[in-house]
Amino acid sequence: MSKGWLQNMIFNVDNKISLAQKILEVLAINPTITLHELVRDTGESDEEKVKKILSYYTPILHKPLVVGPDNVDKLLAGNIHTAQYGIFCFTMWLK
Amino acid sequence: MVKVRRNARGTNTYELSLFGIMLVITLVRYHDMNRLKLGLYYNNILFGEYYDKIASNYKKKLPLIFGKWYLLKRILKIFSAYNFDIILDKEARSNFMTGDNSKFYNSFITVTVHNHKQLGEVQVKGLEEYGNYIESKISQSPYKNIQEARKYISHKTNAVFQMIMKISVLSNPVEYDPVSFKEKAKEWTFFNSEQLKQLSHLYEIENTIEKALADEVSFIYYLNLHNDYRFQVMQPMKYYSVLVPDVSKSKYIEDLLFPKQSLLQSLGVIKRLEKDSVL
């Protein structure tokens, strides 16, 4: 991932440093800053642009996997992690 | 790459993940190699100084390296920064993965895979035995209703279940994030809110993926010092050539050419400081 990212975000830019690079560098030198401070330190006038870039690089929460009638076939085919299935079965059994 | 936290005033703040830090280190090093067409955004910060700032700002992300940065700098000097090349460059890594280092690394991986397999077995067996135990105690419960009895016994034994949960997290740390875990755990009535908070904390990125990455980075960083004659680095080293224009005449380089000696020196100092409880 990092090789492709470097290629697209750093090496293939022509006339100005990409906003993604600025954000990374600003956070490396000034950690734990607010969006307002980040916008100021990157010298970007459009806050929405900073927000958009941040949305690409911040973790996305994922919903827990629920084993039910819809995906029981996947479970039987071994496509669902058994540790979670173990806990799932156990908690269903406790109910 | 970027982590969001909510501060005491309820405002979101941003910082780099360890992966983000490694990317910035890559940028700084590529700049030193003249490979960044447009350079760095902070182009007034010198190569060594940039590493110092990152180490100081993100001590907790790499405690075995950034946490001991000034000691490493004292012994390795500018190679404390260049020694990261082994993490950044596949070719440098493949050159160093020979002989003893390769054996060290491969046995480490074998032990990890074996431990993971055993951990999975303990988790599956633990769940099974825990279930059997609860089932066997139902008749001794003060509740007549079987569901109530199960709930009562599981409350009494939830410390065991918590331990099994911890093993489950270690087996598959990316199964949930803290929020989705809490959401899922609402179905489990036998945990109180404090226990849920503790368990969900296990799924924080810094306790799972970041910790594993930090261990890997630290291991390779120090393993690169397990080398009798020279540091495995990428070329060129612009900042180094400014510091040491004529390598053959420099006393500075004489002390540095032997990474293993530096490693032993670092470990000796760390051991002494730990004994004196300074670290």
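What you are looking at is a predicted structure, and each value in this text was computed from that prediction instead of being measured.

**Section: the overall build of chain A**
Part 1: Helix and strand counts for chain A come out as six helices and one strand.
Part 2: Each helix and strand of chain A, ordered N terminal to C terminal, gives the series α-α-β-α-α-α-α.
Part 3: Within chain A, contacts between residues at least 6 apart in sequence are counted, and of these 19% link residues at least 24 apart.

**Points about the nonpolar core**
Part 1: If you look at the biggest cluster of nonpolar residues, it comprises 53 residues, and the most contacted ones within it are Ile23(A), Leu24(A), Leu27(A), Leu16(B), Ile21(B), Val24(B) and Ile54(B).
Part 2: Top contributing element to this core by residue count: helix H1 (residues 18-32) of chain B, with seven residues.
Part 3: In contact with Ile21(B), not counting residues within four places along its chain, are Ala28(A), Leu16(B), Ile54(B), Tyr58(B) and Lys61(B).

**Structural notes on the confidence of the model for chain B**
Residue and element names in this part refer to chain B.
Part 1: Overall, the predicted model of chain B reaches an average pLDDT of 82, with 91% of residues at or above 70.
Part 2: The secondary-structure element of chain B with the lowest mean pLDDT is helix H14 (residues 251-254), recorded at 56, while helix H2 (residues 47-57) shows the highest, at 95.
Part 3: For this predicted complex, the interface score ipTM comes out at 0.74, while the overall pTM is 0.73.

**Re the sheet that holds strand S2 (residues 12-16) of chain B**
Part 1: The strand order across the open sheet formed by three strands is S1(A)-S2(B)-S1(B), and the pairing between neighbours is antiparallel. A single partner strand is all that each edge strand has here, and the edge strands are strand S1 (33-34) of chain A together with strand S1 (2-6) of chain B.
Part 2: Against the sheet, helix H2 (residues 19-29) of chain A contacts S1 and S2 of chain B, and its axis sits at roughly 95 degrees relative to S2(B).

**Observations regarding the packing of H1(B) against H2(B)**
Residue and element names in this part refer to chain B.
Part 1: The contact between H1 and H2 brings their axes to 10 Å, and the two run at 175 degrees. By the angle class used here, H1 and H2 are roughly antiparallel. For the pair formed by H1 and H2, the contact residues are Ile21, Val24, Ile25, Val28 and Asp32 on the first element and Phe47, Tyr50 and Ile54 on the second.
Part 2: A per-class count over the contact of H1 with H2 returns seven nonpolar, no polar and one charged.

**Considering the pairing of S1(B)**
Residue and element names in this part refer to chain B.
Part 1: In this sheet, S2 lies alongside S1 in antiparallel orientation, the contact comprising five bridges. Bridging from a neighbouring strand, Val4 pairs with Tyr14 of S2.
Part 2: Remark: five residues form the turn of the hairpin made by S1 and S2, two consecutive strands paired antiparallel; Gly10 in that turn has positive phi of roughly 85 degrees.

**So, the domain arrangement of chain B**
Part 1: When cut into domains, chain B gives domain 1 (2-83 + 231-275) and domain 2 (103-209).
Part 2: Placing a centre on the C-alpha atoms of domain 1 of chain B and another on those of domain 2 of chain B gives a separation of 39 Å.

**Description of unusual backbone geometry**
Note: most peptide bonds trans; most residues except glycine with negative phi.
Residue and element names in this part refer to chain B.
Part 1: With omega at 0 degrees, the peptide bond leading from Gln235 into Pro236 counts as cis.
Part 2: With respect to the secondary-structure elements, Pro236 resides in the loop between helix H12 (209-223) and helix H13 (238-243).
Part 3: If you check the backbone angles, Asn34 has positive phi at about 65 degrees while not being a glycine.
Part 4: Structurally, Asn34 can be placed in the loop between H1 and H2.
Part 5: A residue is classified by how many C-beta atoms lie within 10 Å of it, and Asn34, with 10 of them, is exposed.
Part 6: Residue Lys77 is not a glycine yet carries a positive backbone phi of 55 degrees.
Part 7: Structurally, the position occupied by Lys77 is in the loop between helix H3 (69-76) and helix H4 (79-82).

The rules we used
- Residues numbered from 1 in each chain as written.
- Chains lettered and ligands numbered in written order.
- Predicted model: local features only at pLDDT ≥ 70, side-chain atom pairs only at ≥ 80, totals over all residues.
- Helix = DSSP H or I, 4+ residues; strand = E, 2+ residues; numbered from the N terminus.
- Contact = placed C-beta atoms within 7 Å.
- Core = buried A, V, L, I, M, F, W, Y, C linked by C-beta atoms within 7 Å.
- Buried ≥ 20, exposed ≤ 12 C-beta atoms within 10 Å, placed from the backbone.
- pLDDT = per-residue confidence, 0-100.
- Pairing = 2+ DSSP bridges.
- Axes fitted to C-alpha atoms, helices over the stretch in contact; angles between N-to-C directions.
- Parallel < 35°, antiparallel > 145°, perpendicular 65-115°, else oblique.
- Nonpolar A, V, L, I, M, F, W, Y, C, P; charged D, E, K, R; others polar.
- Domains from an automatic or database assignment.

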